[in-house]
Amino acid sequence: MGKAKPFCISKREVWEAYKQVKANQGAAGVDGQSIAEFEGNLKNNLFKIWNRMSSGSYFPPPVRRVEIPKDDGRKRPLGIPTVADRIAQTVVKRYLEPILENHFHPDSYGYRPGKSAIEAVGVARQRCWRNDWVLDLDIKGFFDSIDHGLLLKAVRRHTDCKWVLLYIERWLKAPGQSEDGGLIHRERGTPQGGVISPLLANLFLHYAFDKWMQRNFPQIPFERYADDGICHCRSKAEAERLREEIERRFAECGLELNLQKTKIIYCKDSKRRFDYPERKFDFLGYTFKPRTSKTRQGSYFVSFSPAISNKAAKSIRDTMRQWRLHRQTDKSLDDLARISNPVIRGWINYYGCFYKSALYPIFQTLNNILARWASRKYKRLRHRQRRAHHWLQRIAHGQHCLFAHWQLSQFKAGQ
């Protein structure tokens, strides 16, 4: 008989974790091993993970650190664990997540089963109609600032499972590896990009913010998506007091409120007459601001509502240009539709939930690209952009289901 393992982790759990990691895909870690390469010796690799985790001898390798550019010109560090480490993290997440889900606040929407960003936007919209003021929160470098001691204390509050505690502590301490191969040791934080990180971040803010709000400001509703949060206040004075109290609370928890980006906003509409300069904010890819709306009777009024943000619109346009569809003259229009439709549908499903008409000018960019493609592909349309637009318009009217965005509204050429 083999020697019993100190930790009882089933092989089935490792297999289920592998299936989740495979479904999510993702880049290679420090070992350069892709999911396809990991599967080259799948049975042996999964056994190795199970054997090490069950015996307590699993030590995570360094996390590959890459820097992705932010809109303000700075860079956000992203940590990419190896495929094997992502599977190990998923084993722990699968154990811990159902336990924590029973305790999380209903207005915490980020990285939770059955919750979504679009749900948070919808709830925020309703509450902006009911409350005149919003406090838009920004936490400085949240994922890099999480206090390990406080986080482990929070984990211990919900489980005494030794292997879960052991491996979470090891992941928190695992160094990052920069692109030049140097190791970056971490005293605080959890890497963005890790499988377990969003769950741990939610747990940290559950105690640092959600429970604290419930206890101290039960009358103030909020929506939080990971470290992105807004609070709905009845007056400017209430919003100012809340900002001061949150700043103090975060300092107690080792976090810092970014006071340059944390703003108080007046949710101005037809009925609200107060004059205040800050009248818009961005939340989860949507800009909330006063917008002209139409009643069922046909009269117009001003409503404080969300629509796709300029930042998200720019990102979509940049992505469409990066496809370089106009150069793919070896392909048919059907081929181009097959390539682009899954992404277009994703954009429409998310950004089309509120104020859908804001998407029309964005997708006109794609129509212009398709007209350029037609003028390159067909001799009769060469150097005749207007004629190419008319040609595309006829196809759009006859086959409006070909491209996902053609189903949004009547396609109009040349706009």
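A. Geometry of the sheet that holds strand E3 (residues 133-138). Read across the sheet, 4 strands follow the order E6-E7-E3-E8 without closing on themselves; strand pairing throughout is antiparallel. Both outer strands of the open sheet, strand E6 (222-225) and strand E8 (263-266), are each paired with one neighbouring strand and no more. The sheet shows a mean angle of 15° between the axes of neighbouring strands, direction not considered. Contacting E3, E6 and strand E7 (228-233), helix H9 (residues 197-216) crosses the sheet at an angle of about 175° to E6.

B. Looking closely at the side chain of Ser197. Looking at the secondary structure, you find Ser197 in helix H9. The class for Ser197 is buried, based on a relative accessible area of 2%. Of note is the side chain of Ser197, whose polar atom sits 2.8 Å from the side chain of Thr190.

C. Structural context of the nonpolar core. Formed by 69 residues in total, the largest nonpolar core has its most connected members in Ile87, Cys231 and Ile246. In terms of residues, this core owes the most to one element, H9, which gives 11 residues. Contacts of Ile87, omitting those with residues within four sequence positions, involve Val14, Ala17, Tyr18, Val21, Phe38, Leu46 and Ile49. Of all hydrophobic cores here, the second largest spans 53 residues; its members include Ala124, Val134, Leu366 and Leu408.

D. Structural detail: the confidence of the model for the protein. Per-residue pLDDT for the protein averages 92, and the proportion of residues at 70 or more is 97%. In this model residues 411-415 is a low-confidence stretch, pLDDT under 50, and it forms 15 contacts with partners more than four residues away in sequence or in other chains.

E. Structural view of the pattern of salt bridges. Scanning the entire structure with this criterion turns up 23 salt bridges. As a salt-bridge pair, Lys173 and Glu169 come within 3.4 Å of each other at their nearest N and O atoms. Placement of the pair is Lys173 and Glu169 together in helix H8 (residues 162-173), with a separation of 4 residues, close to one helical turn. Of the residues examined, Lys173 reaches a relative accessible area of 52% and is grouped as exposed. Owing to a relative accessible area of 29%, Glu169 belongs among the partly exposed residues under this scheme. One salt bridge connects Arg248 with Glu245, and the closest N-O pair in it is separated by 2.8 Å. Here Arg248 pairs with Glu245, and both are found in helix H10 (residues 236-252), just 3 residues apart, close to one helical turn. Judged by its relative accessible area of 48%, Arg248 falls in the partly exposed class. Residue class for Glu245 comes out partly exposed when judged on its relative accessible area of 22%. Through salt bridges with shared partners, one network takes in Arg12, Glu16 and Lys19.

F. Looking closely at unusual backbone geometry. Even without being a glycine, Tyr111 presents a positive backbone phi close to 55°. For Tyr111, the location among the structural elements is in the loop between helix H4 (83-101) and helix H5 (117-130). Positive phi outside glycine occurs at Ala226, with the angle close to 55°. In this fold, Ala226 is placed in the loop between E6 and E7. Judged by relative accessible area, Ala226 falls into the buried class, the value being 8%.

What counts and how
- For every chain, the first residue of the written sequence is number 1, and numbering continues from 1 along that sequence.
- Two thresholds apply to this predicted model, a pLDDT of at least 70 for residue-level local features and 80 or more for giving and counting side-chain atom pairs, whereas whole-chain, interface and lining totals are computed over all residues.
- Processing note: side-chain calculations cover all non-hydrogen atoms of the structure and skip hydrogens and water entirely.
- Whether two strands pair depends on DSSP finding at least two bridges between them.
- Helix and strand assignments follow DSSP, with helices taken as H or I runs no shorter than four residues and strands as E runs no shorter than two, numbered in order from the N terminus.
- Fitted lines through C-alpha atoms give the axes, limited to the stretch in contact for helices. The angle between two N-to-C directions lies from 0 to 180 degrees.
- Residues count as neighbours in contact if any of their non-hydrogen atoms are within 4.5 Å of one another.
- The buried label goes to any residue with under 20% of its type's maximum accessible area, the exposed label to any with over 50%, and the partly exposed label to all in between, with areas taken from a 1.4 Å probe on protein chains only.
- Two N or O atoms count as a polar contact when they lie within 3.5 Å, although within protein this holds only if one can serve as hydrogen donor and the other as acceptor, and sequence-adjacent residues are included solely when both atoms are side-chain atoms.
- To form a nonpolar core, buried Ala, Val, Leu, Ile, Met, Phe, Trp, Tyr and Cys residues must be joined to one another through side-chain atoms within 4.5 Å.
- The predictor reports its confidence for every residue as pLDDT, a score running from 0 up to 100.
- Any carboxyl oxygen of Asp or Glu that lies within 4 Å of a side-chain nitrogen of Lys or Arg is treated as forming a salt bridge with it.

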